[in-house]
Structure formats: structure tokens, C-alpha cells
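Each chain is listed here by its residues.
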Amino acid sequence: MTSTDRRTLGIGMVGHAFMGRAHSQAWRSVDAFFDLPWRPVPVALAGRDIGRATVAAGRLGWASAVGAWKQLLDRDDVDLIDICTPGDSHAEIAIAALQAGKHVLCEKPLANTVAEAESMAAAAEQAALRGVRSMVGFSYRRVPALALARNLVAQGRIGTVRHVRAVYLQDWLADPEAPLSWRLDRQRAGSGALGDIGAHIIDATQFVTGESLTGVSALMDTFVTERPLPDGVGSGQVTVDDAALFLGRLSGGGLASFEATRVAAGRKNALRLELNGTHGSLAFDLESMNELWFHDHTEEPQTAGFRRILVTEPQHPYTGAWWPPGHGLGYDHTFTNQVADLVIAIAAGKDPSPSFADGLAVQRVLAAVEASAADDGRWTAIGGGQP
């Protein structure tokens, strides 16, 4: 079957900044590397400023541009809405798209509040009864090394998980003169480091372990409360957190620690996850994203120790679609792997993962962290969990 014989999946994307560029790259490249049952077609890009949206559409490979996202819902050539906007608009766009019969991919975190996320998950559940699918974009699930880690845990290679250490460290706000942006506005972003990057390590922990967090004890702080406005004239208030640290308990009984900050000088994109179990350990660092470190504690002590796995073999998750062994993948490939999974699920009539329900689960953890931090770190249960 040639590419022209396959059914097409028309994509409409809302937003064209950082995430919009990453998602555009994924939609442009996915059909060249994955054997997909349907052919994704980047049909239209929506942006509030039609002039900027038109320029972005031409640059990013979209066939057309519109000024209002609602115009995408009326187009018969658009089958899926890809939401790459700040969190304050996720619920409105996603719910409207699902009700219009459009499949939805929504960037993380799913929403800015638990109430919004609950409404989105309910809409997704109803839409699924009509064959309309939805997925939240936790792209790091598609890092081959993290997907391999999940497989190893599921196979019992490290035994029962006793402890998880999860950190996400960046430094783009370490300079107090770094300008104010929408990511520092609670009304638009929902939270700061907690929702922006903390959401990733919450989801990664639950994804790799196959367990959920049952409760947390947290601290949060904002170190720089006022920053220059982008135009350099005057300053504005920072209304989100700079850092969030919290302890948690997993549903299997293990302990977990989390740290998310955007003011860790020298750390660019250090998402690090280490799992210690009864039979071994796993360690991962996004800044060396093609590597997974594995220790088998059942081996003889004389030769046992952490060993580096270069996750580029065709037997590893996702890598067989890309380059020969030893030729590493990068940040952008995670988004391509993500949309490949989404298209395959939609064509098969199956619900993709992570679902909006998974996004809601992360949102509930975020809310519990904020509630605990506001109450001097008091233990706060999630979904009836016990300390």
C-alpha cells in the first residue's frame, strides 16, 4: 500500500511557540520513520495573531493558518486538535474539540486546576464512547531508556520498589534579571516549577514503577518575587513557585522524593530518576538520554555493580524505527514517538496512553503538593491514600 492509498488524519494545531515547534517537527517527520496505518497531514495552525500564525505555518510545515482555534472545529479536513497553548486554555479547547468529534492531543500538565482536569477527563470518557480519542502529552514516556526502565520493572528485574529519587533541575530563571513571562503568571500557567517540570517527574515515576502516589509532604518557595517586564520597561510580580520539594509514598509501599526547580545554576535539563528495589536499581538522566544504568543485586558481589546500557538497539522501545545501533536519539524524537503511538491507537480504535485520566491523576498530585506546602508540609493524602 502506498502512502496515497492510506486514510489521512488531518491535524489542526493550536499554538506555535516552543511546544508548537516541537509538535510540528513530530507531525512532519513521523510518517517517514514509522509504518503507520493512517497518514497524518498537518492541515492548519491556529494562533491569536493571524499574521504571526501565517508566518509560523509556512515555517513549520502547515498547509494553512487561522486566527481563532474555534475555526478548526468546523473544518471537515481536521480530524485531530493538537493543543500547544498555556494551561489556562486547555480545558476550553479540549472539551469543545471532543464534543465536536475531534481527537485531541493536549500538552501537559492537563489543566491548571483539578476541577478543570476532572471536566476534561469526563469529556474524554464520554467522547471515547463515540470513538473519539484523547491523550495528554507526557513526551518523556517516549524516551527509549525510560520505556525500557518501565519494562524492566514490570519484568521484576529490580524486585519490589523500595525507594525512588526524582529530580528535574533547570537554570533558566537562576538570573534574577531574567524577564517575566507567562510561565511566571499563576493565572496562565497554574503553577511554576511544580507544574511545568514537576509534573514530568510525577508522571515518569508513576509510569516507570506502575504505581501511584498516595500522599505527599511538601515545601515550595519563590526566591525572586519580581522580574523585569519583557520590554524592559518596569517590572512585574512573579506569582508562581521557583522550587518545589516533596516526599511521597507509593501505592506499593515504597518511599519517593521529588525536587523541581528552574533556578539550579548550571543544570540545563536534568531530569533524573533512580529506583532502588529489593533485587536491583535503575538510574536515568535526561542529559544523557540514550543511557540507562542498571544494577542487578542478585549477581555475585565480586562482579556486581551498575552497568551502562546504551539504549539504541532495535530491540529497545522505539529505536528500531530510527537509526542503526549506537546512533542516539534526541529531545525531538520523543514527540515523534508520541504521535506515532497516538496515530496507531486512533487507527486501531483504542484509547491511547497517557489518557486524560492519567493527566488528572498527576493534577491531583500537584494540588496535594500545593495544599501541603501551604500547610507547613502537613501530610496530604491523594485519593484517600494513607501515610
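Conventions adopted
Residues numbered from 1 in each chain as written. Predicted model: local features only at pLDDT ≥ 70, side-chain atom pairs only at ≥ 80, totals over all residues. Heavy atoms only, no water. Helix = DSSP H or I, 4+ residues; strand = E, 2+ residues; numbered from the N terminus. Contact = heavy atoms within 4.5 Å. Polar contact = N/O pair within 3.5 Å; in protein donor to acceptor, adjacent residues only side chain to side chain. Domains from an automatic or database assignment. Buried area = accessible area lost by both parts, 1.4 Å probe. Salt bridge = Lys/Arg side-chain N within 4 Å of Asp/Glu carboxyl O. Pairing = 2+ DSSP bridges. Axes fitted to C-alpha atoms, helices over the stretch in contact; angles between N-to-C directions. Parallel < 35°, antiparallel > 145°, perpendicular 65-115°, else oblique. Left-handed = near helix turned anticlockwise from the far one by under 90°. Nonpolar A, V, L, I, M, F, W, Y, C, P; charged D, E, K, R; others polar.

Remarks on the environment of Arg-272
You can see Arg-272 is positioned in strand β13 (residues 270-277). Aside from chain neighbours lying at most four places away, what touches Arg-272 is Arg-165, Ala-166, Val-167, Arg-267, Phe-284 and Asp-285. A polar atom in the side chain of Arg-272 sits 3.0 Å from the side chain of Asp-285.

As for the domain arrangement of the protein chain
As far as domains go, the protein chain holds domain 1 (8-139) and domain 2 (142-356 + 361-374). Put simply, the middle of domain 1 and the middle of domain 2, counted by C-alpha atoms, are 23 Å apart. Every contact between the two is made by 48 residues of domain 1 and, on the other side, 44 residues of domain 2. With both sides pooled, the region where domain 1 packs onto domain 2 buries about 4,000 Å², and carbon together with sulfur makes up 70% of that total. Among the residues domain 1 hides against domain 2, the three largest losses belong to Met-135, Phe-138 and Ser-139. Together they make up 20% of the total. Asp-351 serves as the salt-bridge partner of Arg-133, at 2.7 Å between the closest nitrogen and oxygen. For the interface between domain 1 and domain 2, the tally reads twelve residue pairs in polar contact (both at pLDDT 80 or more).

Section: the sheet that holds strand β2 (residues 39-46)
Reading across the sheet, the six strands line up as β3-β2-β1-β4-β5-β6 and stay open at both edges, with parallel pairing between neighbours. The open sheet has two edge strands with one neighbour each: β3 (64-66) and β6 (134-137). Geometrically, the sheet is characterised by an average inter-axis angle of 25° between neighbouring strands, direction not taken into account. Where strand β1 (residues 8-14) lies against β2, seven bridges are found, and the strand directions are parallel. Within β2, the position partnered with Met-13 by the bridge is Leu-45. This element, helix α1 (residues 18-33), spans β1, β2, β4 (80-83) and β5 (103-107) of the sheet and lies at about 155° to β2.

Overview of the packing of helix α5 (residues 114-128) against helix α10 (residues 356-374)
One way to put it is that α5 packs onto α10 with a least axis distance of 9 Å and a crossing angle of 170°. Taken together, α5 and α10 sit at an angle that is classed as roughly antiparallel. Like other packed secondary-structure pairs, α5 and α10 cross with a definite hand, here left-handed. Only Phe-356, Ala-357, Leu-360, Gln-363, Arg-364 and Ala-367 of α10 make contact with α5, whose side of the interface consists of Val-114, Ala-117, Glu-118, Met-120, Ala-121 and Ala-124. Among the residues forming the contact of α5 with α10, the class breakdown is nine nonpolar, one polar and two charged.

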